[in-house]
Amino acid sequence: MISQENYELAKPFLIFQLKERGLKSLDSRKDWDTFLGWKRRGRSILYGSEGFRVDMVVPHLISKTRKSKKFGFVTRSKILFNRDQIF
């Protein structure tokens, strides 16, 4: 499941794309996930389903030494699928 912060960041993009496609709006963040996220939940995406492209914040490894790792955050383009696209 995507984080609450990422859901709030992606929500305007999702609403716009849903309206463009003429689909109903899904209000819960539990209704959205990436392909790998649905796979981890034991679900599969329907063949031919078109995802929704959004920008999300993800952790990024800046440097790694023997004693520590430094992480930062970057914005990446991800594709989300809603619960109507799974079986």
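The preceding data block contains the structure.
All values reported here derive from a predicted model rather than from experimental measurement.

About the criteria used
Residues numbered from 1 in each chain as written. Predicted model: local features only at pLDDT ≥ 70, side-chain atom pairs only at ≥ 80, totals over all residues. Heavy atoms only, no water. Helix = DSSP H or I, 4+ residues; strand = E, 2+ residues; numbered from the N terminus. Rg over C-alpha atoms; globule rule 2.2 N^0.38 Å. Buried < 20%, exposed > 50% of the residue type's maximum accessible area, 1.4 Å probe, protein only. Areas by Shrake-Rupley, 256 points an atom, 1.4 Å probe, with all protein chains shown as cover. Pairing = 2+ DSSP bridges. Axes fitted to C-alpha atoms, helices over the stretch in contact; angles between N-to-C directions. Contact = heavy atoms within 4.5 Å. Salt bridge = Lys/Arg side-chain N within 4 Å of Asp/Glu carboxyl O.

1. So, the overall build of the protein
Thinking step 1. Across its full length, the protein holds 2 helices and 3 strands.
Thinking step 2. Starting at the N terminus and walking to the C terminus, you meet the elements of the protein as α-β-α-β-β.
Thinking step 3. The C-alpha radius of gyration of the protein comes to 15 Å, more than 25% above the 12 Å expected for a compact globule of 87 residues.
Thinking step 4. With respect to the principal axes defined by its C-alpha atoms, the protein has extents near 50 × 25 × 20 Å.
Thinking step 5. The buried share of the protein, reckoned over its 87 residues, is 30%.
Thinking step 6. Total accessible area on the protein is roughly 6500 Å²; 54% of this is exposed by carbon and sulfur atoms.

2. Looking at the sheet that holds strand β1 (residues 32-34)
In a beta sheet, neighbouring strands are held together by backbone hydrogen bonds and run either parallel or antiparallel to one another.
Thinking step 1. Strand order across the open sheet formed by 3 strands is β1-β3-β2, with antiparallel pairing between neighbours. Each edge of the sheet is formed by a strand with only one pairing partner; in this case those strands are β1 and β2 (52-64). Within the sheet, the average angular offset between the axes of one strand and its neighbour, ignoring direction, is 45°.
Thinking step 2. As judged from the 3 bridges shared by β1 and strand β3 (residues 69-82), these two strands associate in the antiparallel manner. Along β3, the bridge assignment pairs T34 with L80.
Thinking step 3. Its contacts with the sheet put helix α1 (residues 4-21) on β1, β2 and β3, and the angle it makes with β2 is roughly 150°.

3. Let's talk about the pattern of salt bridges
Thinking step 1. According to the stated counting rule, one finds 4 salt bridges in the structure shown.
Thinking step 2. Between R21 and E50 there is a salt bridge whose closest N-O contact spans 3.5 Å. With R21 in helix α1 and E50 in the loop between α2 (35-40) and β2, this residue pair connects regions lying 29 residues apart in the sequence.
Thinking step 3. Residue R41 is joined to D33 by a salt bridge in which the shortest nitrogen-to-oxygen separation is 3.2 Å.
Thinking step 4. A relative accessible area of 3% places D33 in the buried class.
Thinking step 5. It is possible to trace a salt-bridge network through shared partners that takes in D31, R83 and D84.

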